[in-house]
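# A closer look at the structure
Each chain, letter by letter, is given below.
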Amino acid sequence: MTKKILACLLALVLLLSLAACSSAPAPATDAPGASAPAAEETAQTETGEVSHDELYTIEMFNTYANYMGVQGGWFGKILKDKFNIELNIIAPQVAGTGDTLYQTRSAAGNLGDIIIQPKARMVDCYQAGLLANMSPYLEDCANLQKLSVAYDSMKELMGTEDVYAIPGRVSNASPTKAAGRGVNPEQGIFLRWDAYMSVGEPEVETLEEDLVALLYKMQDENPTNKNGDKVYAFSAFPDWDGNTVRAAREMLYLYGYGNAQGYYWMTYDGSDVVSLLDEGGIYYRWLKIFNKAYRDGYFDPDSSTQTWDMIASKAKDGRVLFSWWTFLGTNIHSTSFDPETQYGYGWVTTKDTLLSNVGYNRYGLEGNAYAMGKNAKYPERIMEFLDWLASEEGILYFNALVEGVTYEMVDGQPVLTEFGLDGSDDKVAPESMGGGDWSDGSCQINYPLVHVDDNISLLGGVTGNSALWESTLTNQKNAYSIQWEELNGTYSPLEYLADHDQLVVVPGTDYSAPADPSDIQTMRAQLQEITKAAGWQMIYAASDEKFESIWTEMKAQLPDFGLDEVNAYDMEIVDAMIAARQEALK
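Note that Tyr-294 resides in helix α12 (residues 282-296). Of the residues examined, Tyr-294 reaches a relative accessible area of 28% and is grouped as partly exposed. Sequence separation between Tyr-294 and Tyr-540 is 246 residues, and the spatial gap between their C-alpha atoms is 6.7 Å. Among residues more than four places away in sequence, those in contact with Tyr-294 are Phe-299, Pro-301, Ile-539 and Tyr-540.

Right under this line is the structure:
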């Protein structure tokens, strides 16, 4: 296919994509966004209380969810008993159709009753009149009011005096303190611990040579799991790729860089900015490492076609030796990890690692937000539900913390119960909570309004993260976490990294990148399809020569699709981000 034909096809696809929001029905008011619904559409009684008489199925369009369908199980029962609602989760990344689901639903003028998606896209939907004004209902939402700093920043981003979106994972902790996953960092080097121990738990000098050699050796010593299934040093998946192969670009965090804008990544203070497209850069080098691993038989050949669920299942079964995150594979520091019955993954550092980790942020983490769709039938019931999600009780249930079931209070402090510590696959919820599989019945929203690490008065004023409870850190150790502690001199990987000057924290700020203008949006979408496809082709290249030719051809194409214009636009955003970070670091 010639470049000209490819450009025409890409342009046609993007025009249809852009039409999705712009063709949505106009709001009833003169300003963007939708007005509050008419009185006869509300679910309030004559006394002004919210009526729960009618079972209300709420459609939640959630770009962060890894589950699609009606929330069931014990959490679903709580929602029905408490609010008489059902939550039907619509998850684009589970549907596997890219932006098609978003385009189709937004073009129809009904994205969902509750919407969870990136802030920049919220701006697009606000301007297209797809969102409802939440301000009239906030007076009765004491818990959401505590997030006013966060939603005020969205008002400024949207250019409105009213609230149309509320950022998520909001925290009151210090913006220069690492927001990890319990005692672990957000990203990192997590290796299958029994396989690491089987090769003598060696110290690792370098990322690109010694770590890779170690993983090869681990696969050689552990070619299959207990069931005889093939094991790979590396496995990946395309679901979360974005503009490039995430498996390769995720490695930049280990060099002290964090995602900035587009192809640009930068250090925590903005003192150095690099591009994923740099010749010989970190992204390029890890594509090359994965290509060699593929040709040598150490990179899972299913990677380009498997889903998140598939790779998660492989990690659970011990068929993957390397993981970027604590949630891909059971972590050995998890309170529910059992080394007798599960494969566990533990942090292993290299001496040249400098990990970039985000700090807590009162304006929200991960750049996503909650909104209410303009066609919501009972907005006051939706706001009641969201207010509960932001409450202490809602935070606990969201994180599967149920007093008397998964934890109990002992001398004023929370302690996990045997049930809470049980990590078995067949754990069943108590009959009083509806029974059924405990894990499947847990909250499937996957993106909270409030960060779990914040302190909760219902727990005696300690964090809502059970992995950080004193009772957990003192008493709930296992054979593998004890081994890790003996090797590293501390129980916490985050503490180890900080003590060895191998951790930098990206300060939380109020800066949010603006929505792309239509021309930039068109060019960006064209570019990312090219760079993402080329990245996977490079991993599967049959030779070094083929690998290089794909890279060279890709780089030659990009200017024709607007790379220079997009990079110039993105660099202005990067400069603004740097200014915000430097202000936060003062």
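Now for a negative patch on the surface. A surface patch of like charges, here negative, comprises Asp-338, Glu-340, Glu-418, Asp-422 and Asp-426. Tracing the backbone shows Glu-418 in helix α16 (residues 418-421). Residue class for Glu-418 comes out exposed when judged on its relative accessible area of 73%.

In this section: the sheet that holds strand β4 (residues 114-118). Read from one edge to the other, the open sheet built from 6 strands follows the order β2-β3-β1-β4-β14-β5, with strand pairing classed as mixed. Of all strands in the sheet, those with a lone pairing partner are β2 (69-70) and β5 (166-167), marking the two edges. Pairing geometry for β5 and strand β14 (residues 368-372), over 2 bridges, is antiparallel. Residue pairing across strands places Ile-166 opposite Tyr-370, the latter belonging to β14.

The next thing to look at is the nonpolar core. If you look at the biggest cluster of nonpolar residues, it comprises 93 residues, and the most contacted ones within it are Leu-191, Leu-215, Met-218, Phe-234, Trp-286 and Phe-322. Those residues within four positions of Phe-234 in sequence are excluded, and the remaining contacts are Val-212, Leu-215, Trp-286, Phe-290, Ala-293, Tyr-298, Phe-299, Asp-300 and Phe-322. Ranked by size, the runner-up nonpolar core spans 59 residues in total, among them Ala-91, Leu-386, Trp-388 and Trp-469.

A word on the pairing of β14. The buried count for β14 comes to 5 of 5 residues, which makes it a mostly enclosed element. Residues Asn-368, Tyr-370 and Met-372 line one face of β14 and the alternating positions Ala-369 and Ala-371 line the opposite face, and both faces are buried. Looking at chain direction, β4 and β14 are connected through 5 bridges and run antiparallel. Across the sheet, residue Pro-118 finds its bridge partner in β14, namely Asn-368.

One open sheet accounts for 3 strands, arranged β7-β8-β9; its pairing is antiparallel. The open sheet has two edge strands, β7 (258-261) and β9 (273-275), and neither has a second partner. This sheet shows a mean twist of 40° between the axes of neighbouring strands, independent of strand direction. Helix-sheet contacts for helix α23 (residues 563-584) involve β7, β8 (264-266) and β9, and the interaxial angle to β8 is about 20°.

This model, assessed by the stated rule, comprises 25 salt bridges. Here Asp-296 ties to Lys-292 by a salt bridge, and the two come within 2.7 Å at their closest N and O atoms. Taken as a pair, Asp-296 and Lys-292 lie in helix α12 at a separation of 4 residues, close to a single helical turn. For Asp-425, the salt bridge identified is with Lys-316, shortest N-O distance 3.0 Å. Here the residue Asp-425 occupies a position in the loop between α16 and α17 (438-441), and Lys-316 occupies one in helix α13 (residues 308-316), the gap between them amounting to 109 residues. Among the residues examined, Lys-316 registers a relative accessible area of 43% and is labelled partly exposed. Through salt bridges with shared partners, a single network forms among Glu-203, Glu-205 and Lys-351.

What follows concerns helix α2 (residues 73-83). For α2, the set of buried residues is Trp-74, Phe-75, Gly-76, Ile-78, Leu-79 and Phe-83. Just beyond α2, the residue with positive phi is Asn-84, at close to 55°.

Attention shifts here to the packing of helix α5 (residues 119-127) against helix α8 (residues 148-158). Closest axis-to-axis distance for the α5/α8 pair is 10 Å, and the angle between their directions is 55°. As summarised for this structure, α5 and α8 are arranged oblique, according to the angle between their axes. The two elements α5 and α8 cross, and the hand of that crossing is right-handed. Counted together, Lys-119, Met-122, Val-123 and Tyr-126 of α5 and Met-154, Leu-157 and Met-158 of α8 form the full contact between these two elements.

Procedures and definitions
- Counting starts from 1 at the beginning of each chain's written sequence and moves along it residue by residue.
- At least 70 in pLDDT is required for a residue's local features to be given in this predicted model, at least 80 for side-chain atom pairs to be given and counted, and no such filter applies to totals for whole chains, interfaces and linings, which use all residues.
- Hydrogens and water are ignored here; the side-chain numbers use all heavy atoms of the structure.
- Secondary structure elements follow DSSP: runs of H or I of four or more residues count as helices, runs of E of two or more count as strands, with numbering from the N terminus.
- For the exposure calls, accessible area comes from a 1.4 Å probe over protein chains only, and a residue counts as buried if that area is under 20% of its type's maximum, exposed if over 50%, partly exposed in between.
- Between two residues, a contact is recorded if the distance between any of their heavy atoms is within 4.5 Å.
- Only residues above 30% relative accessible area that lack a salt bridge enter a patch, with like-charged residues linked at up to 9 Å and the nonpolar side chains Val, Leu, Ile, Met, Phe, Trp and Tyr linked at up to 5 Å.
- With residues, only the protein chains shown are counted as cover, and all accessible areas are computed by Shrake-Rupley using a 1.4 Å probe.
- The salt bridge criterion pairs a side-chain nitrogen of Lys or Arg with a carboxyl oxygen of Asp or Glu, the two atoms within 4 Å.
- Residues scored as positive are Lys and Arg, those scored as negative are Asp and Glu, and His as well as the terminal groups of each chain are ignored.
- The atom standing in for a charge is NZ when the residue is Lys, CZ when it is Arg, CG when it is Asp and CD when it is Glu.
- Paired strands are those between which DSSP finds at least two bridges.
- Think of a nonpolar core as a cluster: buried Ala, Val, Leu, Ile, Met, Phe, Trp, Tyr and Cys residues, connected wherever their side-chain atoms sit within 4.5 Å.
- Axis lines are fitted to C-alpha atoms, over the contacting stretch for helices. Their N-to-C directions set the angle, which ranges from 0 to 180 degrees.
- Angles are sorted into four bins: roughly parallel if under 35 degrees, roughly antiparallel if over 145, roughly perpendicular if 65 to 115, and oblique for all others.
- Each crossing is labelled by how the near helix is turned from the far one, with a counterclockwise turn of less than a right angle marking it left-handed and a clockwise turn marking it right-handed.

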